[in-house]
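Overview (structure and organization)
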Amino acid sequence: FARMFVQVCLYFYCKCLWRCLKFVVRKLTGQCELQRICYNTKPGAARTMKIEASLKGSKSKRLQTSVNVHPDAIEKTIDDIMELKRINPDINPQLGVSLQACLLQIVGYRNLIAEVEKLRREPYDSENPQHEEMLLKLWKCLKPNSPLKARISKQWCEIGFQGDDPKTDFRGMGLLGLYNLVYFAEWDTEIAQQVLTDSLHPKYREVTKKELSQLSKAEWEKKKFDKAIGYSFAIVGINITDLAYNLLVSGALKTHFYNVAPEAPTLTHFQQTFCYLMHEFHKFWIDEDPLDIMEFNRVREKFYRRILRQLQNPEMALCPHFAASESLINM
């Protein structure tokens, strides 16, 4: 109880002290916190995340709710903020522009989560012609020279599905998994086909003397016959969709999206990020050179932690221009 009491007292003391400090700084500089952030922090994730934290941490309910407004109400919200903070827009024209850009990103990120969640929750329906059309498009993009003989076919295993009917593999991520795979195959076709080929026929890598000395006899016997491990392309794509989804809803992707989307991030930004993650995971999988497919979860978790570390850098943009990686073609 005593510890809890001290923590509560410390919390209120720090909160009051922080508000007093902000008041003093405003009197000394003649600028509110929002002005100082916009004028002293360059555009991108660093600025937008500070603005977001400032608005959410404000004692004013109007400022707190400004991060949840409809996109069409952003201009009116900016006027309300300027009025509440007693800022003359004629003297500070750039402030309104900067705040609008930040709010578009903040509100857009929230709306993107809702859009992605809606797709994730929508199950694949084989009775829906649009769903079926997308699935067949995935096959045509990945295997343009191999016609699909039947809708229910073992051929689906050739692009990494588990059985005769791919619809059962979309249960975890719903339509979101299919949307991402089709986007990858349609807009980054050359790389998608290369990754698919490598996943079916992975290249062998020589085991170094150092690695050999660290392997037990049993591991070496296994490695000797299975040095290059492939994976199921479509299943991994659905798994990487889950990884991208978790990065999105946790807020980790704010760094990336606030740096690459000048205004509101869209579903296309999310799908481009998925393509980047597929590129990077493919290279990461080959570099890790797992003993068998049972190591997939370990490799995935290690890859996930690496992406998280990268996103801790406020200047990080995972795929700033989104171009297919030439290094994959040459692997």
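Each remark here, short or long, concerns the structure printed above.
Every value quoted in this text rests on a predicted model; they were computed, and no experiment measured them.

Check the secondary structure of the protein and you find 16 helices and zero strands. Expressed as a percentage of the 331 residues in the protein, the buried residues total 45%. Of the contacts made within the protein by residues no fewer than 6 positions apart, 69% connect residues no fewer than 24 positions apart. Summed over its atoms, the accessible surface of the protein is roughly 18,400 Å², and 56% of this surface lies on carbon and sulfur atoms.

Relative to the 26 Å expected for 18 residues at 1.5 Å per residue, helix α12 (residues 233–250) spans 26 Å between its end C-alpha atoms, a close match to the ideal helical length. Residues Phe233, Ala234, Val236, Gly237, Ile238, Ile240, Thr241, Leu243, Ala244, Tyr245, Leu247 and Leu248 constitute the buried set of α12. Note on α12: the residue one or two positions beyond its end, Gly251, has a positive phi of about 90 degrees.

Here we come to the nonpolar core. Residues Leu138, Leu178, Phe184, Leu247, Phe270 and Leu277 are the most contacted members of the largest nonpolar core, which totals 87 residues. Element by element, the count of residues in this core is highest for helix α6 (residues 93–121), at 11 residues. Discounting chain neighbours no more than four positions away, the residues touching Leu247 are Tyr109, Ala252, Leu253, Leu277, Tyr304, Ile307, Leu308 and Leu311.

Bringing the environment of Glu263 into the picture now. By the secondary structure assignment, Glu263 is in the loop between α13 (254–260) and α14 (267–288). Looking at Glu263, the relative accessible area reads 48%, which means it is partly exposed. The spacing of Glu263 and Gln100 is 163 residues in sequence and 8.8 Å in space, taken between C-alpha atoms. Apart from the residues lying within four places of it in its own chain, the contact partners of Glu263 are Leu104 and Gln105.

Cut-off values and rules
Residues numbered from 1 in each chain as written. Predicted model: local features only at pLDDT ≥ 70, side-chain atom pairs only at ≥ 80, totals over all residues. Heavy atoms only, no water. Helix = DSSP H or I, 4+ residues; strand = E, 2+ residues; numbered from the N terminus. Buried < 20%, exposed > 50% of the residue type's maximum accessible area, 1.4 Å probe, protein only. Contact = heavy atoms within 4.5 Å. Areas by Shrake-Rupley, 256 points an atom, 1.4 Å probe, with all protein chains shown as cover. Expected span 1.5 Å × (residues − 1). Core = buried A, V, L, I, M, F, W, Y, C linked by side-chain atoms within 4.5 Å.

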